[in-house]
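# A look at the structure
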Amino acid sequence: MTSIDAPRPERSGLALLVIAAAQLLMVMDGTIVTVGLPVIGTGLGIPEADLDWVLTSYALAFGGLLLAGGRAGDLFGRRRMFRVGLVAFLAASLLGGVAGDGTTLVVARVLQGAGAAIVAPAALSLLADTFPAGPQRNKALGVYGAMGGLGSVAGLLLGGALTEYLGWRWIMFVNVPIALLVLAGTFALVPGSRERGGLDLPGAATVTLALGSLVYAINRAGSHGDGLTLVFGAAAVALLAVFVVIQRTARSPMLPPAVLADRGRLGANLIMLLMGAGQLATFYFLTLYMQTIKQYSPMVTGLAYLPFAIGIGIGSGLIGPRLQARATTRTVLVIGMAVAAAAMGWFSLLTPDQNPLLVLLPAQLAGGVGLGIGFVAATIGGVQGVAPRASGIASGLVNTSQQIGGAIGLAVLAGVAVAATTGQPAGTPLPDALTSGYTTGMLGAGGFYLAAVLAAVVLLRPRPADQDAPAVHALPH
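Everything quoted here is computed from the prediction, not taken from an experiment.

Here the focus is a nonpolar patch on the surface. A contiguous nonpolar patch, built from Leu95, Val98, Val107 and Leu111 and spanning about 320 Å² of accessible area, is present on the exposed surface. Looking at where Leu95 falls in the secondary structure, it is placed in helix H4 (residues 78–97).

This is the structure we're talking about:
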């Protein structure tokens, strides 16, 4: 590995700002189109049944290519790849903004996801290169982890305002000036350490195609359930088997077995996957409820997500760090996921004429607090004890888990919601039938959070918090 000089202290603050802004932008773009989906569908003639692909195409490309993106940063230089990814993301955003049909928009979203897959792991590895091991790095990791949760809600707020006042195309165009500002700030970043080896392109292509086939099969099963569903499902299984073989035989595997050898790190990534599965689906159902049932405008819908943003801030900035200092990571994650699951149960009380002050807004606040607590703890757990040569892979895996979880969770729960809606008794008013589907989907999200509680209990070690912190120090520095 090529060593690097320690960063100048006066640049550490700016470096953290650049890294956090990049993470915020990448995660934010996963949800920024959510509030504008009904308007996008009308403008580009996308059927409602296919609208979720505007969300899942980004998540699939982002999650499927993250491990390869992390490895590319290790091999070719993290700051260099950070810049390359930002430029690619910027260009894809321009393409999405001028899209004249749904296919072009989905292609642009895939390219955005590919750019984000390069930026995100490079950003987390650069954070470890920038901040020395100890409390300073742990605080920086806390800020980075908070961006994972806050970015999703920020996307909803910004997406609503842009759709309402400037049109949905500005959901894409707004990325351009932000990406340019982040690019301008990259002078404050260290070049980053570099490793020797190769890039596992067959592994990256195989796992991305496998995940895409899986999500398509799940989506199609909810609406068709025909032979094509079985074909894509079988293709997903076969491709995943090929991926496993490639990882076992490749000289430079995309996912070295040692990265997941630690039970606690495996558990943290599984919990992140389950959080992503519940969160993206919840945003999807809440947006449809607010705009289809309550007839909120995009701007009002975005503002209605403010309690979620506040909750994320409280959970990740106040409650989470205090719990982390006093309890084990396992305990912190159990508390966070239990609160999030309870919030999903609260959402099940929604009705077409429900007062938002009784359910919609307070349940969002509770859900945000739970997820805010969970995101920080899971992020720290996902990068603990990683050898320097595998830090980019581990960094990418943390984000991969969240993005792939979001794509799969949305595909599964969208089918569950459709089944719940169509299964209502004959004569049920349409608003009631739709709301029943949305609330059933959110109860499913609560099921994912309860599964995360179980994963934390089974897989995470009950070690004291003061033993958790030094494990983070094994990141490169």
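The rest of the description comes next.
What follows is about the pattern of salt bridges. Close approach of charged atoms lets side chains of opposite charge pair. Considering all chains together, one arrives at 1 salt bridge under this definition. Residue Arg109 is joined to Asp29 by a salt bridge in which the shortest nitrogen-to-oxygen separation is 3.2 Å. Note that Arg109 is positioned in helix H5 (residues 102–130) and Asp29 in helix H1 (residues 9–31), a separation of 80 residues in sequence. Per residue, the accessibility class of Arg109 equals that of Asp29, and both read buried.

What follows covers the environment of Met290. Relative to the elements of secondary structure, Met290 occurs in helix H11 (residues 263–293). Under the relative-accessibility criterion, Met290 is labelled buried at 0%. Each C-alpha atom of the pair Met290 and Leu360 lies 9.3 Å from the other, and the pair is 70 residues apart in sequence. Not counting residues up to four positions away in its chain, the partners in contact with Met290 are Gln295, Tyr296, Thr301, Ala304, Tyr305 and Leu360.

Moving on to the side chain of Gln112. Turning to its location among the elements, Gln112 is positioned in helix H5. Looking at Gln112, its side chain comes within polar contact range of the side chain of Asp29, at 3.0 Å. The contact partners of Gln112, leaving out residues within four places of it in the chain, are Asp29, Tyr58, Phe89, Ala92, Ser93, Met172 and Asn175.

Our next topic: the side chain of Thr301. Positionally, Thr301 belongs in helix H12 (residues 298–304). If sequence neighbours within four positions are ignored, Thr301 has contacts with Val35, Met290, Gln291 and Tyr296.

Residue pairs spaced three or four apart in an α-helix point in one direction, given the helix's 3.6 residues per turn. Every buried residue belonging to helix H8 (residues 175–184) is among Asn175, Val176, Ala179 and Val182, and all of these are buried. All buried residues of H8 lie within an arc of 130° about the axis, which places them on one face of the element. When the buried face of H8 is taken as reference, the exposed residues oriented beyond 90 degrees from it are Leu181 and Ala184.

It is worth spelling out helix H3 (residues 52–76) at this point. With 25 residues, H3 should cover 36 Å at 1.5 Å per step; its first-to-last C-alpha distance of 35 Å lies within 8% of that length. The largest bend in H3 amounts to roughly 50° and is located at Leu66. With 23 of its 25 residues buried, H3 lies for the most part within the structure. Looking at the residues trailing H3, positive phi occurs at Gly77, about 105°.

Further remarks concern the packing of aromatic side chains. Centre distance and the angle of the planes are the two values used to describe a pair of aromatic rings. For the coordinates displayed, the defined rule picks out 6 aromatic pairs. Taking 5.4 Å as the distance between ring centres and 75° as the angle between the ring planes, the aromatic pair formed by Trp170 and Phe173 counts as edge-to-face. Here Phe173 and Trp170 lie together in helix H7 (residues 170–173), a separation of 3 residues that amounts to about one turn. Judged by relative accessible area, Trp170 falls into the partly exposed class, the value being 40%.

All right, on to empty space enclosed by the protein then. A water-sized probe rolled over the atoms picks out the places where empty space is left. One pass over the structure, following the stated rule, counts 3 cavities of 30 Å³ or more. Here the largest cavity defines a volume of roughly 140 Å³. Residue lining of the largest cavity: 14 residues in total, with Thr31, Ser152, Leu280, Gln402 and Gln403 positioned closest to the centre. Mapped onto the lining of the largest cavity, the elements with two or more residues apiece are H1, H3, H11 and helix H16 (391–422).

So, how was this worked out
Residues numbered from 1 in each chain as written. Predicted model: local features only at pLDDT ≥ 70, side-chain atom pairs only at ≥ 80, totals over all residues. Heavy atoms only, no water. Patch = residues over 30% accessible without salt bridge, like charges linked within 9 Å, V, L, I, M, F, W, Y side chains within 5 Å. Areas by Shrake-Rupley, 256 points an atom, 1.4 Å probe, with all protein chains shown as cover. Salt bridge = Lys/Arg side-chain N within 4 Å of Asp/Glu carboxyl O. Helix = DSSP H or I, 4+ residues; strand = E, 2+ residues; numbered from the N terminus. Buried < 20%, exposed > 50% of the residue type's maximum accessible area, 1.4 Å probe, protein only. Contact = heavy atoms within 4.5 Å. Polar contact = N/O pair within 3.5 Å; in protein donor to acceptor, adjacent residues only side chain to side chain. Arc of directions from axis to C-beta. Expected span 1.5 Å × (residues − 1). Bend = angle between axes of the 7 residues up to and from the residue. Phe/Tyr/Trp six-rings, centres within 6.5 Å; stacked < 30°, edge-to-face > 60°. 1 Å grid on protein atoms, 1.4 Å probe; cavity = no way out; pocket = protein on both sides within 12 Å on 5 of 7 lines; lining within 4 Å. Points joined across faces, edges and corners; volume = space filled by probe spheres on them.

The values are spatial; any link to function lies outside them.
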